[in-house]
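Each chain is listed here by its residues.
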Amino acid sequence: MHINIILAGVGGQGILTIAAVIGRAALQSGLTIRQTEVHGMSQRGGAVQSHLRISNREIYSDLIAEGTAHLILSVEPHEALRYLPFLAPESRIVTSIEPFINIENYPAIDDILAELNRTKRPVMVNAAELAREAGHARTSNMVMLGAASPYIGIATEQLESAIGELFHAKGPDIVDVNIRAFRKGQELSQTQATEP
Amino acid sequence: MNKHLLLGAEAIALGALDAGISGVYAYPGTPSTEITEYIQKNSADLEKAVRSSWSTNEKTAYEAALGMSYAGKRSLVCMKHVGLNVAADAFINSAITGINGGLVVAVADDPSMHSSQNEQDSRVYGKFAMLPVLEPSSQQDLYTATREAFDLSESVKLPVLLRLTTRLAHSRAGVERTAARMQNPLHALYAPERFVLIPQNARRQYNVLLGIQQELEKISEHSWLNRLITGSGSKGVIAFGIAFNYTMEVRQAFGLDFPVLKIGQYPLPRKQVESFFTSCETILVAEEGYPVYEELLRGYFGGDNIMGRMDGTLPRAGELNADIIASGLGIKPATVLPVPDIVVHRPPALCKGCGHRDLYDALTTVMSSFQEHHVFSDIGCYTLGALEPFNAIHTCVDMGASITMAKGAADAGLRPAVAVIGDSTFTHSGMTGLLDAINDKSPLTVIIADNDTTAMTGGQQSSATGSRLLDICRGLGVDEGHIRIIVPLKSHLEENMTVLREEIIYEGVSVVIARRECIETASRKKRTKV
Ligand code: SF4
């Protein structure tokens with residue numbers, strides 16, 4: 001088992017929460033993990049990414065080599081495209097389709113979606129909407145994690161228990177709403193996968 | 001779960017805590033900030049307190065750490081690479097005095113300049129000071145090496161430099177800890193012959209330092225951080241620090257078997273390097289940072305069998321990765337998908353609603369009425385004022401340089417001369433420059449953007465904010481009538497412009513404090529309260 005994931009987004013969108021859940025679940029599954037983060041200047045609304053590597057053998061490099069990512073998990077559609085050179089052949093993008101526009105020359109969303117659709121079986125997620133349905137607009141990261149969960153190589157129970165631990169301090173209601181969000185994303189992903 | 005998922009920076013922190021430090025001293029700076037933050041968050045429940053609040057700058061931090069060591073306790077001092085420039089005087093001289101309690105200097109370099117002004121390599125400082133340098137390549141090794149660095153420091157009676165780079169500092173992995181050691185008892189040292197660096201003592205101590213070099217090399221020869229990974233073929237790689245990871249990644253990914261000499265402790269283990277050179281026909285030298293040891297190994301004239309950053313096999317600048325090492329070894333890169341043409345750059349920007357935005361709106365309008373409208377600035381979030389749509393500042397060189405450069409320009413006759421500096425950068429190295437300006441009566445306006453925090457690195461406590469800044473300016477001798485306070489808000493635009501204009505045309509030293517809390521810090525405070 002050896003999985004490379006590029007997490008992508010914009011500084012402040014909280015991709016590290018997703019990384020924290022996967023990391024915790026991987027460690028509890030007895031797997032080896034390496035996960036890079038971006039701190040400093042780029043966190044102020046710039047493009048940010050996290051390289052996440054999970055394996056049952058030793059991992060040497062913290063960074064993923066080009067053409068070897070099994071998954072690009074992006075919480076922003078334009079940002080998903082930035083890391084295409086990392087994607088391995090036959091691998092997929094799971095991305096939110098809601099744009100985060102903090103630059104003047106942000107491309108047309110239709111062009112972005114067209115580029116995304118040119119990749120192999122992308123999973124496109126209306127994350128904010130599903131998060132609201134789950135009960136809290138701020139759970140869209142867990143929706144995205146749920147949508148990516150079939151491709152991460154870690155059992156759903158492990159991921160859910162990691163969510164529980166991570167949000168434990170904030171009380172059972174917050175845990176529940178995040179689990180609901182996770183399941184919403186997972187459901188959507190499964191439906192999209194069975195579509196022809 | 002007995003493994004902790006830690007950033008490299010945090011692994012150092014945990015290693016230091018478990019090595020029994022009594023204090024950490026630091027000024028925040030990416031990518032080193034998280035070392036101290038981890039200790040601040042995780043030392044409260046310890047049996048014995050660990051002193052951990054932020055220092056005013058790296059020099060005060062270093063000297064305090066040396067003082068704690070003098071008193072017999074173990075201390076850690078952390079900074080980013082350029083911070084070591086600030087602390088260099090103390091650093092170099094502490095190699096001459098030596099230490100008492102273990103002293104470890106953790107320095108995080110930032111190759112590729114993700115959040116920095118240069119990519120200087122701290123190993124050069126290590127050589128310069130003739131101190132042992134450790135450069136572990138994994139989070140677990142960072143933990144273990146930090147613990148051992150304190151033992152090494154106490155056994156050779158020297159500070160130990162621990163060098164890491166951005167990727168390792170900011171990458172997480174599972175780390176296992178070992179039983180924590182007790183803190184040292186207080187045992188201050190009367191050793192004026194070592195610690196009073198008047199020439200006769202300094203000369204003797206310098207000879208002691210020179211004399212121990214061979215011993216340090218011998219220690220390197222036996223260090224677990226330096227080791228040979230045997231293999232076949234005539235081409236080998238000497239992989240320094242994190243370059244080891246990328247080299248091994250290539251070996252694993254492509255099923256190769258070339259020999260690798262891993263280097264993680266300096267001075268260089270001469271015997272190991274010599275025997276590696278006799279066993280390989282050609283050698284790729286992979287260093288994260290400057291080609292410090294490649295240059296040394298090549299010598300002035302030779303080195304035909306050596307490849308690396310100096311002959312273009314690897315790029316001369318920027319951080320390494322597995323792709324770069326692979327191509328340096330002649331492996332053809334796989335064809336990968338291109339980045340679509342529609343993708344645009346998304347640079348960092350000031351947060352929406354940030355007070356710096358309103359400050360720059362006012363300042364830029366005022367400055368545009370002058371023929372010369374140079375604004376000398378400094379290092380912090382407000383540096384982002386250099387970018388679109390503000391284009392509000394024209395310099396950012398090093399911590400504190402806004403005030404002193406504006407002063408020099410004013411002395412040369414430039415009018416107006418305006419400096420913009422944050423509260424934390426002002427206390428770091430702006431105050432002394434302001435004193436220079438007052439002593440010289442240089443006509444200059446210093447705008448202190450007081451957002452009540454060290455915002456760029458994530459909202460650390462600033463050494464002086466609010467009314468204390470006012471007291472400092474007064475105390476340094478700024479005329480009371482020319483210390484003005486504004487609140488950078490859209491609704492105050494007109495009023496703020498008036499104040500700025502009045503002070504900018506004043507032919508003397510004036511200070512305008514633009515006071516409004518960083519909204520990020522404010523909202524973080526609110527979140528943690530709930
Ligand atoms: S972090 Fe604070 S100071 Fe920095 S840009 Fe955001 S609001 Fe402004």
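Just so we're clear, the structure is a prediction, and the values are computed from it rather than from any experiment. (Residues numbered from 1 in each chain as written. Chains lettered and ligands numbered in written order. Predicted model: local features only at pLDDT ≥ 70, side-chain atom pairs only at ≥ 80, totals over all residues. Heavy atoms only, no water.)

Sorry, what's going on with the overall build of chain A here?
Secondary structure summary: chain A contains 7 helices and 6 strands in total. What you see in chain A, going N to C, is helices and strands ordered as β-α-β-β-β-α-β-α-β-α-α-α-α. The globule rule puts the C-alpha radius of gyration for 196 residues at 16 Å, and the 16 Å found for chain A is close to it. The principal-axis extents of the C-alpha atoms in chain A amount to approximately 45 × 40 × 40 Å. Nonlocal contacts in chain A, meaning residues at least 24 apart in sequence, comprise 65% of its contacts between residues at least 6 apart. When the accessible area of chain A is evaluated, it comes to approximately 7,700 Å², of which 50% is carbon and sulfur surface. The distance from the centre of the 16 positive side-chain charges to the centre of the 21 negative ones in chain A is 4 Å. (Helix = DSSP H or I, 4+ residues; strand = E, 2+ residues; numbered from the N terminus. Rg over C-alpha atoms; globule rule 2.2 N^0.38 Å. Contact = heavy atoms within 4.5 Å. Areas by Shrake-Rupley, 256 points an atom, 1.4 Å probe, with all protein chains shown as cover. Lys, Arg positive; Asp, Glu negative; His and termini not counted. Charge placed at Lys NZ, Arg CZ, Asp CG, Glu CD.)

Sorry if this is basic, but what is going on with the side chain of T36 of chain A here?
Residue position: T36 of chain A is located in strand β2 (residues 32–36). Looking at T36 of chain A, the relative accessible area reads 1%, which means it is buried. In contact with T36 of chain A, not counting residues within four places along its chain, are Q49, S50, H51, D62 and L63 of chain A together with R167, H170 and S171 of chain B. (Buried < 20%, exposed > 50% of the residue type's maximum accessible area, 1.4 Å probe, protein only.)

Is there a simple way to explain the site of the ligand in this structure?
With respect to spatial proximity, the complete set of residues near the ligand consists of R44 of chain A together with L350, C351, C354, H356, C381, N451, A455, C518, I519 and E520 of chain B. More than a single chain frames the ligand: its nearby residues are located in chains A and B. With respect to the pocket detection grid, the ligand is positioned in the largest cavity. Residues of the shell around the ligand, tallied by class, amount to 7 nonpolar, 2 polar and 2 charged. (Near = heavy atom within 4 Å. 1 Å grid on protein atoms, 1.4 Å probe; cavity = no way out; pocket = protein on both sides within 12 Å on 5 of 7 lines; lining within 4 Å. Sits in = over half its atoms within 2 Å of the grid points. Nonpolar A, V, L, I, M, F, W, Y, C, P; charged D, E, K, R; others polar.)

Any chance you could explain the interface of chain A and chain B here in plain terms?
Contacts between the two partners involve 47 residues from chain A and, on the opposite side, 48 residues from chain B. For the pair chain A and chain B, the summed buried area comes to about 4,100 Å², and 59% of that belongs to carbon and sulfur atoms. Interface area lost by chain A to chain B is led by M41, R44 and Y60 of chain A, which between them contribute 21%. At the boundary of chain A with chain B, the tally comes to 4 salt bridges. (Buried area = accessible area lost by both parts, 1.4 Å probe. Salt bridge = Lys/Arg side-chain N within 4 Å of Asp/Glu carboxyl O.)

Any chance you could explain the domain arrangement of chain B here in plain terms?
Often the size quoted for an interface is simply the accessible area lost on bringing the parts together. Residue and element names in this part refer to chain B. Domain boundaries assigned for chain B yield domain 1 (3–211), domain 2 (227–328) and domain 3 (355–524). Inter-centroid distance (C-alpha atoms) of domain 1 to domain 2 is 27 Å. Listed per partner, the contact involves 20 residues of domain 1 and 21 residues of domain 2. Counting each side, the surface lost to burial between domain 1 and domain 2 is near 1,800 Å², with a carbon and sulfur contribution of 49%. When residues of domain 1 are sorted by the area they lose upon contact with domain 2, R123, E135 and S137 head the list and together hold 32% of the total. E319 is the partner of R167 in a salt bridge, and the nearest nitrogen-oxygen pair spans 2.9 Å. (Domains from an automatic or database assignment.)

How should I be thinking about the pairing of strand β6 (residues 160–165) of chain B in this particular structure?
Regular strands place side chains that alternate from one sheet face to the opposite one. Residue and element names in this part refer to chain B. Where burial is concerned, most of β6 is hidden: 6 out of the 6 residues are buried. Where burial is concerned, the two faces of β6 agree: the one with V160, L162 and L164 and the one with L161, R163 and T165 are both buried. Note: strand β4 (residues 103–109) against β6, 6 bridges, orientation parallel. Bridging from a neighbouring strand, D109 pairs with T165 of β6. Pairing analysis gives 2 bridges linking strand β5 (residues 133–134) to β6, with the strands arranged parallel. When the bridges of β6 are listed, V133 appears paired with L161. In the classification by handedness, the crossover that spans β5, the intervening helix α6 (residues 139–156) and the parallel β6 is right-handed. (Pairing = 2+ DSSP bridges. Right-handed = clockwise from strand over helix to strand, strands pointing away.)

Help me understand the sheet that holds strand β15 (residues 418–422) of chain B in this model?
What holds strands together in a sheet is hydrogen bonding between their backbones, with the strands either parallel or antiparallel. Residues and elements named next belong to chain B. Ordered in space as β14-β15-β16-β18-β17, the 5 strands form an open sheet in which the pairing is parallel. In the strand order of this sheet, the two ends are held by β14 (375–376) and β17 (483–486), each with one partner. Bridging between β15 and strand β16 (residues 444–450) involves 5 bridges; their strand directions are parallel. In the strand pairing of β16, G422 is matched with A449. Along the sheet face, helix α19 (residues 493–505) touches β15, β16, β17 and β18 (509–515) and points at about 160° away from the line of β17. (Axes fitted to C-alpha atoms, helices over the stretch in contact; angles between N-to-C directions.)

Sorry if this is basic, but what is going on with the packing of helix α16 (residues 401–412) of chain B against helix α17 (residues 423–440) of chain B here?
The relative placement of two packed helices comes down to the angle between their axes together with the axis-to-axis distance. Residue and element names in this part refer to chain B. Viewed as axis vectors pointing N to C, α16 and α17 meet at an angle of 20°, and their least axial separation amounts to 8 Å. With respect to their mutual orientation, α16 and α17 come out roughly parallel. Note on packing geometry: the crossing formed by α16 with α17 is left-handed. Contacts between α16 and α17 pair I403, T404, K407 and D411 from the former with F426, G430, G433, L434, D436, A437 and D440 from the latter. Residue composition of the contact of α16 with α17, by class: 4 nonpolar, 3 polar and 4 charged. (Parallel < 35°, antiparallel > 145°, perpendicular 65-115°, else oblique. Left-handed = near helix turned anticlockwise from the far one by under 90°.)

Even after reading the chapter, I still don't get the nonpolar core, so can you show me in this structure?
The tendency in soluble globular proteins is for nonpolar side chains to be buried as a group. All names here are of chain B. Judged by nonpolar contacts, the single largest core of 104 residues is most densely connected at I21, Y62, L76 and F91. Discounting residues that sit within four places of it in the chain, F91 has contacts with Y62, L84, V105, Y125, A129, L131 and L161. L414, L470, V511 and A514 belong to the second-largest nonpolar core, a separate cluster that totals 55 residues. (Core = buried A, V, L, I, M, F, W, Y, C linked by side-chain atoms within 4.5 Å.)

So what exactly am I meant to see when it comes to the confidence of the model for chain B here?
Low-pLDDT portions of the prediction should not be read for the details of their coordinates. For chain B, the average pLDDT comes to 96, and 99% of its residues sit at 70 or higher. Interface predicted TM-score (ipTM) for the complex: 0.94; the corresponding pTM is 0.96. (pLDDT = per-residue confidence, 0-100.)

Explain helix α2 (residues 33–42) of chain B here, please?
Side chains of residues three or four places apart in an α-helix project in the same direction, reflecting 3.6 residues per turn. Most of α2 of chain B is tucked away, with 7 of its 10 residues classed as buried. Considered for burial, the residues of α2 of chain B that qualify are T33, E34, I35, T36, E37, Y38 and I39 of chain B.

Mind showing me how you'd approach the sheet that holds strand β3 (residues 47–55) of chain A here?
Pairing is mixed across the open sheet formed by 8 strands, whose spatial order is β6(A)-β5(A)-β4(A)-β1(A)-β3(A)-β2(A)-β7(B)-β1(B). Unpaired on one side and paired on the other, β6 (123–125) of chain A together with β1 (3–7) of chain B mark the two borders of the sheet. Pairwise comparison of adjacent strand axes, ignoring direction, gives a mean angle of 20° for this sheet. Direction of pairing for β2 of chain A relative to β3 of chain A: antiparallel, over a ladder of 4 bridges. Residue pairing in the sheet places Q35 of chain A in a bridge with L52 of chain A of β3 of chain A.

Sorry, what's going on with the packing of aromatic side chains here?
For any pair of aromatic rings, the description rests on two quantities: the centre-to-centre distance and the angle between the ring planes. For the coordinates displayed, the defined rule picks out 9 aromatic pairs over all chains. Taking 6.4 Å as the distance between ring centres and 85° as the angle between the ring planes, the aromatic pair formed by Y60 of chain A and F244 of chain B counts as edge-to-face. Pair noted here: Y60 of chain A is in the loop between β3 and β4 (69–74) and F244 of chain B is in helix α11 (residues 243–253), and the two residues belong to different chains. We classify Y60 of chain A as buried; its relative accessible area is 16%. Looking at F244 of chain B, the relative accessible area reads 5%, which means it is buried. Ring plane angle 15° and centroid distance 5.6 Å describe the contact between F240 of chain B and Y293 of chain B, whose orientation is recorded as stacked. Residue F240 of chain B is located in strand β9 (residues 235–240), and its partner Y293 of chain B is located in helix α13 (residues 292–298); the two are separated by 53 residues in the primary sequence. In this pair, the class of F240 of chain B matches that of Y293 of chain B, namely buried. Site record: aromatic cluster; members linked through ring pairs are Y62, F91 and Y125 of chain B. In this structure, R251 of chain B is placed above the aromatic ring of F258 of chain B, and the distance from its NZ or CZ to the ring centre is 5.9 Å. Above the plane of the ring of Y290 of chain B lies R316 of chain B, whose end atom (NZ or CZ) is 5.5 Å from the centre. (Phe/Tyr/Trp six-rings, centres within 6.5 Å; stacked < 30°, edge-to-face > 60°. Lys NZ or Arg CZ within 6 Å of the ring centre and 35° of its normal.)

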